[in-house]
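A look at the structure
As a plain string of letters, each chain reads:
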Amino acid sequence: MAVKTVLVTGGAGYIGSHTVLQLLLGGYKVVVVDNLDNSSETAIKRVKELAGKSKSNISFYKLDLRDRAALEKVFSSKKFDAVIHFAGLKAVGESVHKPLVYYDNNLIGTIILFEVMAAHGCKKLVFSSSATVYGWPKEVPCTEEFPLSAANPYGRTKLIIEEICRDIYNAESEWKIILLRYFNPVGAHPSGSIGEDPRGIPNNLMPFVQQVAVGRLPTLKVFGTDYKTRDGTGIRDYIHVVDLADGHIAALNKLDDPNIGCEVYNLGTGKGTSVLEMVKAFEQASEKKIPLVMVGRRPGDAEIVYASTGKAAKELNWKAKYGIDEMCRDQWNWASKNPYGYGSAENSSKKR
Ligand code: NAD
Ligand code: WQD
């Protein structure tokens, strides 16, 4: 089979860098475009090191998707078999305060990408959607047929992009599009060389726990202890980032199915874990005590969210392999080797 070339937008980021590595190891050629707004070129360097003899199969362009001319140039220089589109801003709280920044970056960037793809005859796409499109699910597990809603501008950008994808497929049936709804990605590559490195104070649970463990933050606030759950704390479906990355390879394979149009798949484990269970697993993996402060619920949070995994298992032939112990082990391995992520103590709080 001919070697496939994939354009990965946002490939220097957390999920993108892990996916790029799995693509290289799987024999793909990869072109990454990223404006490095929330990432570091060091991630690309480390991916190359981990890719061994496949390291020559990656090229990187620092560009913003909204720079149509720069994107055009990349599409003119190579023919892409498919695009995996990760690039976007993802901080829920920030999106509430700066909605226009989110609509501009996520929507305009995506529209320009789709226009340039169409102009160059590349109509195969895998898009990073999110479990956030289920809003506050009335029941669990969340199946792909659940009603969709958005609780904040970030979530609305995901919902709008999903709708754009359905519309462009309805208008032109040669598009083949897979929308992947990720649940809660955590962990890092087992080498400890690449992992999540958020700018500023982390919003998500595990990056926060990690920074408490390495001494960068004093305590973890547990948001809500009165949920109707086993221990009163919120329940989520945490998924190892390497499993998630492999889900993208499965999705790329599925794009070769002549019957695929615009399809959506959950990527989760199907298992729910509470905040306190996750903290305990991380304490065991790291042998560090995480000091906790119990506080009220975080506005907007759902009580219990976890995935129905049947559709991805049946149609993508993909299933998550790792459990929370492996997620915490690998997250700690990354954190202990890189307490300041890809940077240093001096530049760790750099803000957008
Ligand atoms: P990330 O911030 O680590 O990666 C996103 C990358 O996109 C960054 O490297 C950033 O610099 C780049 N980028 C942003 N805007 C850009 C633009 N206009 N042009 C070029 N590059 C741009 O985030 P991540 O966790 O790896 O998430 C990847 C995707 O998955 C995002 O679309 C996110 O919304 C989605 N997602 C993430 C999660 C999660 O919890 N991490 C859950 C569900 C969905
Ligand atoms: C997990 C649990 C918190 C931080 C978010 C986005 C969603 C998706 C994934 C992109 C909840 C609790 C958290 C803390 C805590 N991202 N928590 N103390 O809220 O499920 O989803 O990330 O698409 O769109 O909304 O993930 O990691 O923020 O929270 O107690 O300091 O941890 O209340 O129960 P969430 P999270």
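Since the structure is predicted, the reported quantities are computational estimates derived from the model, not experimental observations.

Turning to the overall build of the protein chain, a few remarks are in order. Secondary structure summary: the protein chain contains 11 helices and 13 strands in total. Whereas a compact globule of 352 residues would reach a radius of gyration of roughly 20 Å, the protein chain reaches 19 Å, a difference of no more than 12%. Expressed as lengths along the three principal axes of its C-alpha atoms, the size of the protein chain is roughly 55 × 45 × 40 Å. Looking at the protein chain residue by residue over its 352 residues, the buried ones come to 54%. In the protein chain, once contacts between residues fewer than 6 apart in sequence are set aside, the share between residues at least 24 apart is 81%. Of the accessible surface of the protein chain, which amounts to about 15400 Å², a share of 52% is contributed by carbon and sulfur atoms.

Here we take up the sheet that holds strand 3 (residues 58–62). Within a sheet, adjacent strands bond to each other through the backbone by hydrogen bonds, running parallel or antiparallel. As summarised here, the arrangement of the 7 strands in space is 3-2-1-4-5-6-11, forming an open sheet in which the pairing is parallel. Lying at the two open borders of the sheet, with one neighbouring strand each, are strand 3 and strand 11 (262–267). Pairwise comparison of adjacent strand axes, ignoring direction, gives a mean angle of 20 degrees for this sheet. With 5 bridges connecting them, strand 1 (residues 5–9) and strand 2 (residues 29–34) associate as parallel partners. What sits directly across from threonine 9, in strand 2, is valine 33. The sheet strands contacting helix 1 (residues 14–25) are strand 1, strand 2, strand 3, strand 4 (82–85) and strand 6 (176–182), and the helix crosses strand 2 at an angle near 165 degrees.

Let us now look at helix 9 (residues 275–286). With 12 residues, helix 9 ought to run about 16 Å at 1.5 Å a step, and its terminal C-alpha atoms sit 16 Å apart, in line with that. Positive backbone phi, at 55 degrees, marks glutamate 287, one or two positions downstream of helix 9.

Surveying the vicinity of ligand 1 reveals 27 residues, the closest of which are Asp34, Asn38, Ser39, Phe86 and Tyr154. Between ligand 1 and the protein, one listed contact pairs an oxygen atom with a side-chain N or O atom of asparagine 38 at 2.7 Å. Here an oxygen atom of ligand 1 sits 2.6 Å away from a polar atom, N or O, in the side chain of serine 39. Of all the secondary-structure elements, those providing two or more residues to the shell around ligand 1 are helix 1, strand 5 (124–130) and helix 6 (153–171). Examining the composition of the shell around ligand 1, we find that 3 residues originate from one element, strand 5, more than from any other. Residues of the shell around ligand 1, tallied by class, amount to 12 nonpolar, 10 polar and 5 charged.

Moving on, we come to the site of ligand 2. In the vicinity of ligand 2, 18 residues are found, and the nearest of them are Ser130, Tyr154, Lys221, Arg236 and Asp301. Note that an oxygen atom of ligand 2 is positioned 2.8 Å from one of the backbone N or O atoms of leucine 205. Separating an oxygen atom of ligand 2 from a side-chain N or O atom of arginine 236 is a distance of 2.5 Å. Looking at the shell around ligand 2, the element that brings in the most residues is strand 8 (residues 220–223), giving 4 residues. By residue class, the composition of the shell around ligand 2 is 8 nonpolar, 6 polar and 4 charged.

Along the polypeptide, lysine 321 turns up in the loop between helix 10 (310–316) and helix 11 (324–337). The exposure class of lysine 321 is exposed, given its relative accessible area of 58%. Along the chain, lysine 321 and arginine 66 lie 255 residues apart, while their C-alpha atoms are 36 Å from each other. Once residues lying within four places of it in the same chain are set aside, the contact partners of lysine 321 are Asp243 and Asp246.

If you check which residues of helix 2 (residues 41–51) are buried, you get Ala43, Ile44, Arg46, Val47 and Ala51. An end-on view of helix 2 places all buried positions within 165 degrees of arc, on one side of the element. Elements that come into contact with the buried residues of helix 2 comprise helix 1, strand 2, strand 3 and helix 11. For helix 2, the side-chain oxygen to backbone nitrogen distance between the N-cap and threonine 42 is 3.0 Å, and the N-cap itself is serine 40.

Attention now moves to the pairing of strand 5. Of all 7 residues in strand 5, 6 are buried, a share of seventy percent or more. In terms of strand pairing, strand 4 meets strand 5 through 3 bridges, oriented parallel. Directly across from valine 83, in strand 5, lies its bridge partner leucine 125. Two strands pair when backbone bridges link them, and strand 5 and strand 6 are joined in this way by 7 bridges, in the parallel orientation. Its bridge partner being in strand 6, serine 130 is matched across the sheet by tyrosine 182. Running through helix 6, the crossover from strand 5 to the neighbouring parallel element strand 6 is right-handed.

Scoring rules and cut-offs
Residues numbered from 1 in each chain as written. Chains lettered and ligands numbered in written order. Predicted model: local features only at pLDDT ≥ 70, side-chain atom pairs only at ≥ 80, totals over all residues. Heavy atoms only, no water. Helix = DSSP H or I, 4+ residues; strand = E, 2+ residues; numbered from the N terminus. Rg over C-alpha atoms; globule rule 2.2 N^0.38 Å. Buried < 20%, exposed > 50% of the residue type's maximum accessible area, 1.4 Å probe, protein only. Contact = heavy atoms within 4.5 Å. Areas by Shrake-Rupley, 256 points an atom, 1.4 Å probe, with all protein chains shown as cover. Pairing = 2+ DSSP bridges. Axes fitted to C-alpha atoms, helices over the stretch in contact; angles between N-to-C directions. Expected span 1.5 Å × (residues − 1). Near = heavy atom within 4 Å. Polar contact = N/O pair within 3.5 Å; in protein donor to acceptor, adjacent residues only side chain to side chain. Nonpolar A, V, L, I, M, F, W, Y, C, P; charged D, E, K, R; others polar. Arc of directions from axis to C-beta. Right-handed = clockwise from strand over helix to strand, strands pointing away.

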